[in-house]
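Results of the structural survey
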Amino acid sequence: MPEKEVVNYEEGRPVFVMNETRTFPIRLSKIRIDDRFFNRYTKLVTKEIIPYQWKVLNDLEPEAEKSRCIANYRIAAGEEEGEFYGFVFQDSDLAKWLEAVAYSLSYEDNPELKKTADEAIALVERAQQKDGYLNTYFTVKEPGKQFTNLREGHELYCAGHMMEAAVAYYEVTGEDKLLKIMEKMADLIVKTFHEDKYKTAAPGHQEIEIGLVKMYRVTKKKEYLDMAKAFIDRRGTEPNYLVHEHEDPGWTDVFHNPDPFFPDYSQCDEPVRQQKTARGHAVREVYMLCAMADLAFYYRDEELFDACETLYDDIVNRQMYLTGGIGSSGLYERFTVDYDLPNDRNYSETCASIGLALFCRRMAEITGDTKYIETMETALYNTVLSGIGLDGKSFFYVNPMEVEPSHCLPHSSLQHVKSVRQKWFGCACCPPNIARTLASLGEYVCFTKENEVYLNLFLGCSFSVEFEGKKVDFTVETDMPYRGRTRIHVNNPENANGTLFLRIPSYAKKAELTDGENVVTLNPQKGYQKIEIKEKEHDLSLQFKMPAEYIYADPNVSANVGRVAVKKGPLVYCMEEADNGTGLSRFFVDTRISIVEDYDEDLFGGTMVITLAGEKLMPYEEEGSLYRTEMPRRKNAEARLIPYCLWGNRRTGEMLVWIRTNF
Ligand SMILES: [Zn+2]
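Residues numbered from 1 in each chain as written. Predicted model: local features only at pLDDT ≥ 70, side-chain atom pairs only at ≥ 80, totals over all residues.

1. Considering helix H15 (residues 430-439)
Among the ten residues that make up H15, ten are buried, leaving the element largely enclosed by the rest of the structure. Within H15, the full set of buried residues consists of Cys-430, Pro-431, Pro-432, Asn-433, Ile-434, Ala-435, Arg-436, Thr-437, Leu-438 and Ala-439. Contacts made by the buried residues of H15 are with helix H1 (39-57), helix H3 (91-105), helix H13 (350-367) and helix H14 (370-386). (Buried ≥ 20, exposed ≤ 12 C-beta atoms within 10 Å, placed from the backbone. Helix = DSSP H or I, 4+ residues; strand = E, 2+ residues; numbered from the N terminus. Contact = placed C-beta atoms within 7 Å.)

2. Focus: the nonpolar core
Among the nonpolar cores identified, the biggest contains 209 residues, and Ala-166, Leu-212, Met-292, Cys-308 and Cys-574 are the most heavily contacted of them. Here Cys-308 is in contact with Leu-289, Met-292, Ala-293, Ala-296 and Met-363, once residues within four sequence places are set aside. (Core = buried A, V, L, I, M, F, W, Y, C linked by C-beta atoms within 7 Å.)

3. Points about the packing of helix H2 (residues 69-76) against H3
The contact between H2 and H3 brings their axes to 8 Å, and the two run at 110°. Considering their axes alone, H2 and H3 lie roughly perpendicular with respect to each other. Seen from H2, the contacting residues are Cys-69, Ile-70, Asn-72 and Tyr-73; seen from H3, they are Asp-91, Asp-93 and Leu-94. Grouping the constituent residues of the contact of H2 with H3 by class yields four nonpolar, one polar and two charged. (Axes fitted to C-alpha atoms, helices over the stretch in contact; angles between N-to-C directions. Parallel < 35°, antiparallel > 145°, perpendicular 65-115°, else oblique. Nonpolar A, V, L, I, M, F, W, Y, C, P; charged D, E, K, R; others polar.)

4. With respect to helix H9 (residues 222-234)
End to end, H9 covers 18 Å across 13 residues, agreeing with the expected 18 Å (1.5 Å per residue, within 8%). Buried residues of H9: Tyr-224, Leu-225, Met-227, Ala-228, Lys-229, Ala-230, Phe-231, Ile-232 and Arg-234, and no others. On its buried side, H9 packs onto helix H7 (177-192), helix H8 (208-219) and helix H11 (282-298). Of the residues one or two after H9, Gly-236 is the one with positive phi, at around 75°. (Expected span 1.5 Å × (residues − 1).)

5. Considering the confidence of the model for the protein
Summing up the model confidence of the protein, the mean pLDDT is 94 and the portion of residues at 70 or higher is 97%. A low-confidence stretch, residues 1-16 (pLDDT under 50), is modelled with 21 contacts involving residues beyond four sequence positions or located in other chains. (pLDDT = per-residue confidence, 0-100.)

6. Digging into the packing of H7 against H9
Two elements in contact, H7 and H9, have axes whose closest approach is 10 Å; the angle formed by their N-to-C orientations is 55°. Between H7 and H9, the angle is such that the two are oblique. The interaxial crossing formed by H7 with H9 has left-handed handedness. Contact with H7, carried on its side by Ala-186, Ile-189 and Val-190, involves Glu-223, Tyr-224 and Met-227 of H9 and no other residues of that element. (Left-handed = near helix turned anticlockwise from the far one by under 90°.)

7. Quick look at the sheet that holds strand S6 (residues 446-449)
An order of S3-S6-S7-S11-S14 is seen for the five strands of this open sheet, with the pairing classed as mixed. Sheet topology places strand S3 (24-25) and strand S14 (528-533) at the edges, where each strand pairs with a single neighbour. Pairing of S6 with strand S7 (residues 452-455) involves four bridges; the strand directions are antiparallel. Residue pairing for S7: Lys-449 is matched across the bridge by Glu-452. (Pairing = 2+ DSSP bridges.)

8. Quick look at unusual backbone geometry
Geometrically, the link from Glu-238 to Pro-239 is a cis peptide bond, its omega value of -5° lying close to zero. Topologically, Pro-239 is positioned in the loop between H9 and helix H10 (241-244). One non-glycine residue, His-256, lies in positive phi territory at about 50°. Within the element layout of this structure, His-256 appears in the loop between H10 and H11. On the basis of neighbour count, His-256 is assigned to the exposed category, with 6 C-beta atoms found within 10 Å. Phi angles above zero are rare outside glycine, and Asn-495 is one such case at about 50°. Inspection of the secondary structure assignment puts Asn-495 in the loop between strand S10 (484-491) and strand S11 (498-503).

9. Here we look at the pairing of S11
With five of its six residues buried, S11 lies for the most part within the structure. Relative to S11, S7 is paired through four bridges, and the arrangement is parallel. Within the sheet, the bridge partner assigned to Tyr-454 lies in S11 and is Phe-501. Relative to S14, S11 is paired through six bridges, and the arrangement is antiparallel. Across the sheet, residue Thr-499 finds its bridge partner in S14, namely Glu-532.

10. Here we look at the domain arrangement of the protein
Considered domain by domain, the protein is made up of domain 1 (68-259), domain 2 (271-444), domain 3 (450-545) and domain 4 (549-660). The C-alpha centroid of domain 3 is placed 30 Å from the C-alpha centroid of domain 2. Listed as interface residues are nine residues of domain 2 and, on the opposing side, nine residues of domain 3. Residue classes in the side of domain 2 that touches domain 3 are distributed as three nonpolar, two polar and four charged. (Domains from an automatic or database assignment.)

Structure representation (structure tokens):
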């Protein structure tokens, strides 16, 4: 276990001060991932995921839900006749796809894919209006009505995603066509949102702030950064633009939602700096937090940073599922109140966990504190991976903690829960979001800073960095996430001096680190063990115990009273009908009996499986009254568990994370 952190205390609570300089994720061209656990996903990115999604965006996958995303761009460009189809944010699907393509091109040359992406970018340019405005919904369906419904319009959201794509594409290929397109849009946004009419306006769905910060990073145009900060600072302040905008006679109704707008849905019920609890639509909350963390760093804004820290603490300690899922209400895809974490009807959107991981990554970059890496890892390894099937072509939008397929009826309170991954969604935010996340996995693995490298996640990879201007190569081999054995070989031919910051996870027990023959005394700071690199070669070996453990929820979580879950290292485990038959909720685990761990070579290409012992409540032998005075019979039983991220890859059936216990 890492030693207790040294922190400053003020009024009884720790104060985490931002570092003077921040680390940045390693360039994807500098890292190669080759990992037994992750290859099943990362190898799919260019082979299956990106080509499949391109077909879907072009409506060439007959079994997938209609997208019309590319068709919308063509209609906006005046090259095809027709009506706009789909959600108002349909444009963002192409943006995320382009971002994923950009990342993939940084480690795999693919001229054919690049040509397709270049053609898509040319189409985006043709769909852009002369003044820089880019949004196919308003161009096709509501011409002249741009920015007349910021609450629902999603123009700024779509623009933010396309800016992220533009920056990624520019950084990887050196080509600035998409960047120039998005600079025109960014310039229009800066101009418009300083006009009198819009000077208190903020977007309904946060994301533009992230895009503008990234655009600032490559263009150095300070007005982009200032615009992002203004959008954050305007939220929830009076006069509250989002609350009153529909009173304007020029307002455009997009969603035709009869329910009145509730400002906390969009985190604009009070100024963000005063917000103490995560609220409203979960994706909006975490995308906002990403921007707040970046802006806190760029402006050295301790108050904004403090708000990030407060909201992080609320999410992680009171509103997050064990799997890193957030947003416990299916209705409005939202946070509710602290400790309200139902297992069967939660939303836990895949995108929300991606946003949480992105926020945590930024917080780790600016603080050098691995507590954020722990949360990032939890979200990535469980909920985000659960969002995609092993075929790379099926997806979960909603990530429940337990499922009884027959209960997930349309026109019921469980209609949002699916027991089978879907080919696509009418509202398709999640699949391309997973694609861009998997395509950029290397950015989560390592951070760099001058003469320093931070190793965050344990997966097989090789990467190179520069210490004192000289190239240093690292090769990582690991048995994670199943066993705590990791070896790192450092090749440093020019004897450069630098530092490796190696994360020692909080779940590591009896950790031992050796550098060649020498045992290194562990003294991690903020969870990172510092290792000086100076020799031509270093052979580092990190070993720790990581037994599967029972996890108990805070007793305030009423859904989990009398239940336990099983976690081993970063992975949460679950029961599935395929291994255990029906009636998973009738199994009671005896926590006094040791957990058995086995590696099954054949299942899913090799995975750890967990066996628990206990009893199973048996149905009454004779059918009859629903309610009886006779207690049901019990018999001895075992339960077999697989990693949560792998559930739903066999036949349809029940799934359960939180298991009953009465021992
Ligand atoms: Zn989504």
